[in-house]
Amino acid sequence: MGLISEHLPRGRHIHHAAGARTAAASRASSQGYSASDESTDRPLCVYLLEDNPGDQVLIEAYLATEGKHVVVAFGSMAELALRGTPPDVVLLDLRLPDARDEEVVRRTRLVLPDTPMVVLTGVEDGEVARRCLELGADDYIEKNELSSEVLRRAVAFAVARGRARNLQTRLQAAERL
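Rules used in this analysis
Residues numbered from 1 in each chain as written. Predicted model: local features only at pLDDT ≥ 70, side-chain atom pairs only at ≥ 80, totals over all residues. Heavy atoms only, no water. Helix = DSSP H or I, 4+ residues; strand = E, 2+ residues; numbered from the N terminus. Buried < 20%, exposed > 50% of the residue type's maximum accessible area, 1.4 Å probe, protein only. Contact = heavy atoms within 4.5 Å. Core = buried A, V, L, I, M, F, W, Y, C linked by side-chain atoms within 4.5 Å. Arc of directions from axis to C-beta. Salt bridge = Lys/Arg side-chain N within 4 Å of Asp/Glu carboxyl O.

Caption draft 1: Main features of the environment of V46. Looking at the element boundaries, V46 is found in strand β2 (residues 44-49). In this structure V46 comes out as buried when scored by relative accessible area, which is 0%. As a C-alpha pair, V46 and V155 span 109 residues in sequence and 8.9 Å in three-dimensional space. Among all residues touching V46, those that are not within four sequence positions of it are L63, H69, V70, V71, V72, V89 and L91.

Structure representation (structure tokens):
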């Protein structure tokens, strides 16, 4: 784990909502790194719903290589429910202390109904993946296949799909006027 925090590139800003900050987050924040979303020139806020501190550090490091993500990490559904401002995208694990499998997707969708969602999990089950997508996840990535590039594309595509859905909803509402 120390290797990840020692090799974080510059240009990042990572926040944690609960618990102790990881070495990677502390180092990034202490050096005043910033982040931005290329389409709006503002930080892309990513909620990470992951209870494994090692996986949190790894995922944060992958996102930090892109230089445009603010990560807010949560270890449980309860912590997520207490958050007020919706993120641009939520990354979620399917094995949490207070929810498992598709229930994580259902409950996240209730708390964040319009937010793009990417499942990052160690669950290697095609049927679970299909059900998560049917419940509103934009993507499903098994952690053993995760890399910086895979995560970057999944986040970018999920955010783009979310923006397209929001635009379509607004256009449909305007047509009814």
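Caption draft 2: Looking closely at the nonpolar core. Counting residues in hydrophobic clusters, the biggest one holds 22 residues, and the most contacted among them are L49, L92, L94, V104, V119, C132 and Y140. Within the residue set of this core, elements represented by two or more residues are β2, β3 (69-74), α4 (77-81), β4 (89-92), α5 (102-111), β7 (117-121) and α6 (126-134). For this core, the element with the highest residue contribution is α6, accounting for 3 residues. The residues contacting Y140, other than those within four sequence positions of it, are L94, V119, T121, V123, D125, V128, A129, C132 and L133. Counting residues in hydrophobic clusters, the runner-up holds 18 residues, among them L48, L63, L120 and A158.

Caption draft 3: Structural view of α5. Those residues of α5 lying buried are E102, V104, V105, T108 and R109. Take α5 and look down its axis: the buried residues cluster within an arc of 155°, on one side only.

Caption draft 4: Highlighting the pattern of salt bridges. Across all of its chains, the model carries 13 salt bridges by this definition. The shortest N-O distance in the salt bridge between D138 and R161 comes to 3.7 Å. Of the two residues, D138 is situated in the loop between α6 and β8 (139-142) and R161 in helix α7 (residues 148-176); the sequence distance between them amounts to 23 residues. By relative accessible area, which is 12% here, D138 ends up buried. For E149, the salt bridge goes to R153, with nearest N and O atoms at 3.5 Å. Separated by 4 residues within a single helix, E149 and R153 lie in helix α7, roughly one turn from each other. Judged by its relative accessible area of 39%, E149 is partly exposed. We classify R153 as partly exposed; its relative accessible area is 39%. Beyond isolated ion pairs, a larger network of salt bridges with shared partners links E102, E127, R130, R131 and E134.

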